[in-house]
Amino acid sequence: MKEMWQGPLEKIDDRRFRIPRSYKTGMLVDGIIIADERLLKSIRQDKALEQVVNVAFLPGIVKASFAMPDIHWGYGFAIGGVAATDIDAGGVISPGGVGFDINCGVRLVKTNLRYDEIKDRIEKIVARLFSDVPAGIGSKGDIRVSPKEERQILIKGARWCVEQGYGVEADLEATEENGEIKGADPSGVSDRAYERGKAQSGTLGSGNHFLEIQAVEQVFDRGAADRFGISEGQIVLMIHSGSRGFGYQVCDEYAKGMIKALAKYSINVPDRQLACAPVNSSEGKAYLGAMRCAANYAWANRQNLMHLARGSFEKIFGRSWQDLGMDLIYDVAHNIAKIEKHKVGGKEKLLCVHRKGATRAFGPGSPGIPAQYEDIGQPVIIPGDMGRNSYLLAGTRRAMEETFGSTCHGAGRLMSRHEAKRRVNFSELISRLKAKGIVVMSSGRGTVVEEAPEAYKDVNEVVDVVHKAGISKKVCKMRPLGVIKG
Amino acid sequence: MGKIPYEFIEHTADIGIRVRGGSLEDLFKNAALAMFEIIAERKKSAPQSAKKHLKIKQTADTTDELFINWLSELLSLSSAKGLIFSDLKIEKMDETGLRATAAGEDSGNYRFNREIKAVTYHGFKLEQGPSGWQAEVIFDV
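This is a predicted model, so every value here is computed, not measured. (Residues numbered from 1 in each chain as written. Chains lettered and ligands numbered in written order. Predicted model: local features only at pLDDT ≥ 70, side-chain atom pairs only at ≥ 80, totals over all residues. Heavy atoms only, no water.)

Student: For unusual backbone geometry, give the residues involved together with the corresponding values.
Tutor: When glycine is set aside, most residues are seen to have a negative phi, and most peptide bonds are trans. Residue and element names in this part refer to chain A. Positive phi is not limited to glycine here, since Ser-266 has a value of about 50°. Of note, Ser-266 is situated in the loop between helix H10 (244–264) and strand S10 (277–278). Among the residues examined, Ser-266 registers a relative accessible area of 66% and is labelled exposed. Even without glycine at this site, Met-386 takes up a positive phi of about 80°. Classification of Met-386 by relative accessible area gives buried; the value is 2%. (Helix = DSSP H or I, 4+ residues; strand = E, 2+ residues; numbered from the N terminus. Buried < 20%, exposed > 50% of the residue type's maximum accessible area, 1.4 Å probe, protein only.)

Student: How would you sum up the interface of chain B and chain A? Please name residues and give values.
Tutor: Note on interface size: it is often stated as the accessible area lost on association of the parts. Facing 31 residues of chain B, the contacting portion of chain A comprises 37 residues. In this assembly, chain B packs against chain A so that about 3200 Å² is buried in total across both faces, 48% of it on carbon and sulfur atoms. Linking chain B to chain A there are eight salt bridges. In this structure, Arg-192 of chain A engages Glu-73 of chain B in a salt bridge whose closest nitrogen and oxygen atoms are separated by 3.0 Å. The interface formed by chain B and chain A includes 17 residue pairs in polar contact (both at pLDDT 80 or more). Contributions of two or more residues to the side of chain B that touches chain A are made by helix H2 (63–81) and strand S8 (118–129) of chain B. The biggest single contributor to the side of chain B that touches chain A is H2 of chain B, with eleven residues. (Contact = heavy atoms within 4.5 Å. Buried area = accessible area lost by both parts, 1.4 Å probe. Salt bridge = Lys/Arg side-chain N within 4 Å of Asp/Glu carboxyl O. Polar contact = N/O pair within 3.5 Å; in protein donor to acceptor, adjacent residues only side chain to side chain.)

Student: Explain the pattern of salt bridges to me, using residue names and the numbers behind them.
Tutor: Residues and elements named next belong to chain A. Enumeration over the complete set of coordinates arrives at 51 salt bridges over all chains. The closest approach of N and O atoms between Glu-163 and Lys-156, which form a salt bridge, is 2.9 Å. On the accessibility criterion, Glu-163 (44% relative accessible area) is partly exposed. Lys-156 gets classed as partly exposed once you look at its relative accessible area, which sits at 23%. Across the pair Asp-464 and Lys-474 runs a salt bridge, and its minimum N-O distance is 3.3 Å. In this pair, Asp-464 sits in helix H16 (residues 459–469) while Lys-474 sits in strand S19 (residues 472–485), placing the two residues ten residues apart along the sequence.

Student: With reference to specific residues and values, describe the pairing of strand S11 (residues 328–333) of chain A.
Tutor: Residues and elements named next belong to chain A. Of all the six residues making up S11, six are buried; the element is thus mostly covered by neighbouring parts of the structure. Here strand S7 (residues 105–114) pairs with S11 via five bridges, running antiparallel. Bridge pairing links Leu-108 to Tyr-330 in S11. (Pairing = 2+ DSSP bridges.)

Student: Any chance you could break down the sheet that holds strand S5 (residues 83–94) of chain B for me, citing the residues and the numbers?
Tutor: All names here are of chain B. Overall, antiparallel pairing links the three strands, which are arranged S4-S6-S5 in an open sheet. Of all the strands in the sheet, the pair left with one neighbour each is strand S4 (52–59) and S5. Averaged over all adjacent pairs, the angle separating strand axes in this sheet is 20°, with direction ignored. Running at roughly 170° to S5, helix H1 (residues 24–39) makes contact with S5 and strand S6 (97–106) of the sheet. Contacts from H2 reach S4, S5 and S6 within the one sheet, and its direction differs from that of S4 by about 145°. (Axes fitted to C-alpha atoms, helices over the stretch in contact; angles between N-to-C directions.)

Student: Tell me about empty space enclosed by the protein, and name the residues and values.
Tutor: Inspection of the entire model under this criterion finds five cavities of 30 Å³ or more. Contributing to the lining of the largest cavity are 40 residues, with Asn-208, His-409, Arg-417 and Tyr-456 of chain A together with Lys-117 of chain B lying nearest its centre. Looking at the lining of the largest cavity, the elements with two or more residues in it are strand S4 (64–75) and helix H15 (445–450) of chain A. Put simply, the second largest cavity is a space of about 50 Å³. Around the second largest cavity, the lining residues are Asp-252, Ala-255, Lys-256, Ile-259, Arg-272 and Gln-273 of chain A together with Ile-68, Val-119 and Tyr-121 of chain B. Secondary structure elements with two or more residues in the lining of the second largest cavity: H10 of chain A together with S8 of chain B. Residue contributions to the lining of the second largest cavity peak at four residues, all from H10 of chain A. Split by residue class, the lining of the second largest cavity holds five nonpolar, one polar and three charged. (1 Å grid on protein atoms, 1.4 Å probe; cavity = no way out; pocket = protein on both sides within 12 Å on 5 of 7 lines; lining within 4 Å. Points joined across faces, edges and corners; volume = space filled by probe spheres on them. Nonpolar A, V, L, I, M, F, W, Y, C, P; charged D, E, K, R; others polar.)

Student: An account of the packing of H10 of chain A against helix H11 (residues 282–317) of chain A is requested, with residue identities and associated values reported.
Tutor: Residues and elements named next belong to chain A. Direction vectors running N to C along H10 and H11 enclose 165°, while the axes themselves pass 10 Å from each other. It follows from the interaxial angle that H10 and H11 lie roughly antiparallel. Crossing of H10 against H11: the hand is left-handed. Across the interface between the two elements, Arg-244, Phe-246, Gly-247, Val-250, Tyr-254, Met-258, Ala-261 and Lys-264 of H10 pack against Ser-282, Glu-283, Gly-284, Ala-286, Tyr-287, Ala-290, Met-291, Cys-293, Ala-294, Tyr-297 and Asn-301 of H11. Tallied by class, the residues present in the contact of H10 with H11 amount to twelve nonpolar, four polar and three charged. (Parallel < 35°, antiparallel > 145°, perpendicular 65-115°, else oblique. Left-handed = near helix turned anticlockwise from the far one by under 90°.)

Student: Tell me what's going on with the layout of surface pockets, and back it up with residues and numbers.
Tutor: Residues and elements named next belong to chain A. If you add up the space inside the second largest pocket, you get close to 520 Å³. Surrounding the second largest pocket, 22 residues form its lining, Glu-340, Lys-341, His-342, Phe-362 and Pro-367 being those nearest its centre. Elements with a contribution of two residues or more to the lining of the second largest pocket: H11, strand S12 (335–344) and helix H12 (397–402). Among the elements that take part in the lining of the second largest pocket, S12 stands out by supplying seven residues, more than any other. Residues that form the lining of the second largest pocket fall into these classes: eight nonpolar, four polar and ten charged.

Student: Now, about the nonpolar core: what can you tell me, with residues and values included?
Tutor: Counting 155 residues, the largest nonpolar core has Ile-33 of chain A together with Met-35, Phe-67, Trp-70, Leu-71, Leu-74 and Phe-139 of chain B as the members making the most contacts within it. When residues in this core are grouped by element, the largest group, eleven residues, is from H1 of chain B. By size, the runner-up hydrophobic cluster in this structure holds 63 residues, among which are Ile-125, Val-126, Met-238 and Ile-376 of chain A. (Core = buried A, V, L, I, M, F, W, Y, C linked by side-chain atoms within 4.5 Å.)

Shown next, in the form of structure tokens:
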């Protein structure tokens, strides 16, 4: 394969590489890529590194334009990009730094079931989940809400679900921002977004979204695993979904509005998809208020999906979800902008941290992480690719010092969806996964083929890099047993 | 209807197309039809049903913006109304505005192939050549 990106890349250490700000006039900071030589070979093959450079143009950006090892070519920001801007120094917020699927994220639910107990019933469990959890493009949920209720979801997020009986208070404690980020402003949400959102609450969606039954394969950090309540052979459930059409609509409308803000605030960015406005401007505040609505919609969505999955397990095993130990370990956002305080050059600053295809990975003692995890760091959930492992990690102090408490979010695509479709045969893929003991059910063949394991980087390599770079630490890895895809 | 003149452009995460049209109007129509062809195909078993007609009005500062807004509006309407558009009539158009009617059937009559989340400006190109108009656009999927 030919290398598409020929720009300078200086080695800082074995897992850190720098694109110096001298590379292009207009860069305000360096680009820093967390990767190793092997992953860099594939990273250089698309335009992701040029996007890291473009992000370095954002007004108010501090420290560096960061890229995680799962980085790949997106639009505006690369997917796997992290950038923070100094709000008091005119720092901007960019919808392109969050992405269309606002608060696409993942949650991990434990059970007290062991692999040996369920290994002969996986197909049955997957079929039940597939019938209970609406998946696929345009799928509609059973949890229908009125416009008034939808407004409540936008303000209260997952708390709304708990109030309806779709969960318990402990679920909220184990969710980033307690599943209800403050400052959501429904008045900035269009009627069209409401219309797209009303039927989709409690639906999985399509693409890389999934619900997966996994078995804990290996524990790396016994102490942290004990605290998370995880041991080898245990069955867990992973849910990966986002804010659905509601979030796409919010992003689309605000990204368009931001293009006009570029001229108004004399901002020069090399890509229109990086359109932005100062956080403290009317445009910046309006986007933040609407983005938070979409973030809350997504947390409610994952809470509803977990509620449906708990119900499926209750039906199969004839016991309550509490008896089955189906407690939430944690829920993290992968596409979001947050206002956080971090030290930059020894001074604490109020920053707008964009994580697009990146995970918050707050270290021990950081504010905002659940009390029960305070001394081990925030759980970090890294979904795999349906055929390989997924990971549970913990945030570190080093991540706080270096990457604004951020790490990778997944494996990262290697192959275009079109190429995957050309190369992968659906039936062959299903039999190959079956031979590995993985049952897949999907509402469309295309999605499964596009999401084939070979279309992704090896998540094991990606996680190994962030672990060795010290920006999160491995707690355990899981292997897939059964997958539902949209 | 004949084959829509478009081809795919490789993009790691998303899907891009290069689409052509003899006139600007044709280009806009072809791009929209290509987008819905990527999203879904009509089920052979689906019964004939009456199409719903929706009026669309768009204005923009530039033709680039008009093109992106046109596709975004159709995508958003399709999702909100549960329709797949297969018949587009542009009634009036200049470089920064258009008025059109989009006709579509209930999405239940279609088999979905792929979700398009949004139409992006990333790498967007719109140009007029000797044989007509051409655009390159990347969809977020």
